[in-house]
Amino acid sequence: IHRILRKKSLSTQITRSYLTKTPQVPKAVLEVGRLNHVAIAVPDLPASMSFYRDVLGAKVGEPEDLPEHGVTVVFIDLGNTKFELLHPYGENSPIANFLQRNKDGGIHHVCLETDNLDGAIEKLKNENIRILGKKKIGAHGNPVIFMHPKDVNGVLMELEEVL
């Protein structure tokens, strides 16, 4: 630790602040709530539903077609969060494209909650974080947006307004 403290750098300042006082953390651009769900693209929806219900004992919802999003969704209730199974619906489904590149399926996106989506959009744009498309109504009936994965560590991130 002494060698670290001798260097004059930002990391030294941060290290010293942790060792000597309450750290000074920069104010966040955006405050998000809890993890709402992790979305998983699946090539075989009935088999995936069976796995979560019969093997893992999770509460599995009913399939719901969302033509405006090009998906059929099924929510898996995990108690503290959810999985959202995504299966292609229609010819122009973004999930069909995902499954062409990932034959076995896989994690498609993560969804975080916010209590002010319009404010979040403004702040994200001010930080040059691209929003994909326009605000839409998501599977829960709430407004959602997606952030470009190239701007958020390679992860397709959804924000959902939950009041």
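Everything discussed here concerns the structure shown above.
Notes on the structure follow. What you see is a predicted model, and the numbers here were worked out from it, not measured in a lab.

Another aspect to go through is a nonpolar patch on the surface. Together, Phe51, Val55 and Leu56 make up a nonpolar patch on the protein surface, roughly 290 Å² of accessible area in all. Assignment of secondary structure puts valine 55 in helix 3 (residues 45-55).

Turning our attention to the packing of aromatic side chains. Overall, the coordinates contain two aromatic pairs when judged by the stated rule. Look at phenylalanine 51 and tyrosine 52: their rings are 5.1 Å apart centre to centre, the planes differ by 80°, and that puts the pair in the edge-to-face class. For phenylalanine 51, a relative accessible area of 38% corresponds to the partly exposed category. Look at tyrosine 52 and phenylalanine 83: their rings are 5.6 Å apart centre to centre, the planes differ by 65°, and that puts the pair in the edge-to-face class. Placement of tyrosine 52 in helix 3 and of phenylalanine 83 in strand 5 (residues 82-88) is noted, with a sequence separation of 31 residues between them.

With that settled, consider the layout of surface pockets. Empty space within the largest pocket amounts to approximately 670 Å³. Every element with two or more residues in the lining of the largest pocket is listed here: strand 4 (71-77), strand 5, helix 4 (94-101), strand 6 (106-114), strand 7 (131-137), strand 8 (143-147) and strand 9 (157-161). A per-class count over the lining of the largest pocket returns 17 nonpolar, eleven polar and six charged.

Before going further, it helps to examine the side chain of threonine 72. Following the sequence through the fold, threonine 72 ends up in strand 4. A distance of 2.7 Å separates the side chain of threonine 72 from the side chain of aspartate 65, its partner in a polar contact.

Looking now at the pairing of strand 7. A regular strand places its side chains on the two faces of the sheet in alternate fashion. Of the strand pairs in this sheet, strand 7 and strand 8 are connected by four bridges, and their pairing is antiparallel. Within strand 8, the residue paired with lysine 136 across the bridge is valine 144. Following strand 7, the chain reverses through five residues before pairing antiparallel with strand 8; glycine 141 in that reversal takes a positive phi of roughly 85°.

The next subject is the pattern of salt bridges. The tally for this structure, following the rule as stated, stands at four salt bridges. A salt bridge links arginine 53 to aspartate 54; its shortest N-O distance comes to 3.1 Å. Ionic pairing is found between arginine 130 and aspartate 151, a salt bridge with its closest N-O pair at 2.9 Å. Of this pair, arginine 130 sits in the loop between helix 5 (117-126) and strand 7 while aspartate 151 is found in the loop between strand 8 and strand 9, placing the two residues 21 residues apart along the sequence.

Our focus in this paragraph is the nonpolar core. Grouped together as the largest cluster of nonpolar side chains are 23 residues, with contacts concentrated most on Leu85, Leu124, Ile145, Met147 and Leu159. Among the elements that take part in this core, helix 5 stands out by supplying four residues, more than any other. Sequence-distant contacts of leucine 159, that is, excluding residues within four places in its chain, are made with Leu30, Val32, Leu112, Thr114, Leu117, Ala120, Leu124, Pro143, Val144, Ile145 and Met147. Ranked by size, the runner-up nonpolar core spans ten residues in total, among them Ala39, Ala41, Phe75 and Leu86.

The next subject is helix 5. Spacing of three or four residues puts side chains on the same side of an α-helix, whose turn is 3.6 residues. Of all the residues in helix 5, the buried ones are Leu117, Ala120, Ile121 and Leu124. With its buried residues spanning 100° around the axis, helix 5 presents them on a single face. Helix 5 presents Glu122 and Asn126 as exposed residues on the side facing more than 90 degrees away from its buried surface. Looking at the buried side of helix 5, the elements it contacts are strand 6, strand 7, strand 8 and strand 9. A distance of 3.5 Å separates the backbone nitrogen of aspartate 118 from a side-chain oxygen at the start of helix 5, and that oxygen is part of asparagine 116. Directly beyond the C-terminal end of helix 5, a positive phi value near 60° is found at asparagine 128.

Cut-offs used in this document
- Residues numbered from 1 in each chain as written.
- Predicted model: local features only at pLDDT ≥ 70, side-chain atom pairs only at ≥ 80, totals over all residues.
- Heavy atoms only, no water.
- Patch = residues over 30% accessible without salt bridge, like charges linked within 9 Å, V, L, I, M, F, W, Y side chains within 5 Å.
- Areas by Shrake-Rupley, 256 points an atom, 1.4 Å probe, with all protein chains shown as cover.
- Salt bridge = Lys/Arg side-chain N within 4 Å of Asp/Glu carboxyl O.
- Helix = DSSP H or I, 4+ residues; strand = E, 2+ residues; numbered from the N terminus.
- Phe/Tyr/Trp six-rings, centres within 6.5 Å; stacked < 30°, edge-to-face > 60°.
- Buried < 20%, exposed > 50% of the residue type's maximum accessible area, 1.4 Å probe, protein only.
- 1 Å grid on protein atoms, 1.4 Å probe; cavity = no way out; pocket = protein on both sides within 12 Å on 5 of 7 lines; lining within 4 Å.
- Points joined across faces, edges and corners; volume = space filled by probe spheres on them.
- Nonpolar A, V, L, I, M, F, W, Y, C, P; charged D, E, K, R; others polar.
- Polar contact = N/O pair within 3.5 Å; in protein donor to acceptor, adjacent residues only side chain to side chain.
- Pairing = 2+ DSSP bridges.
- Core = buried A, V, L, I, M, F, W, Y, C linked by side-chain atoms within 4.5 Å.
- Contact = heavy atoms within 4.5 Å.
- Arc of directions from axis to C-beta.

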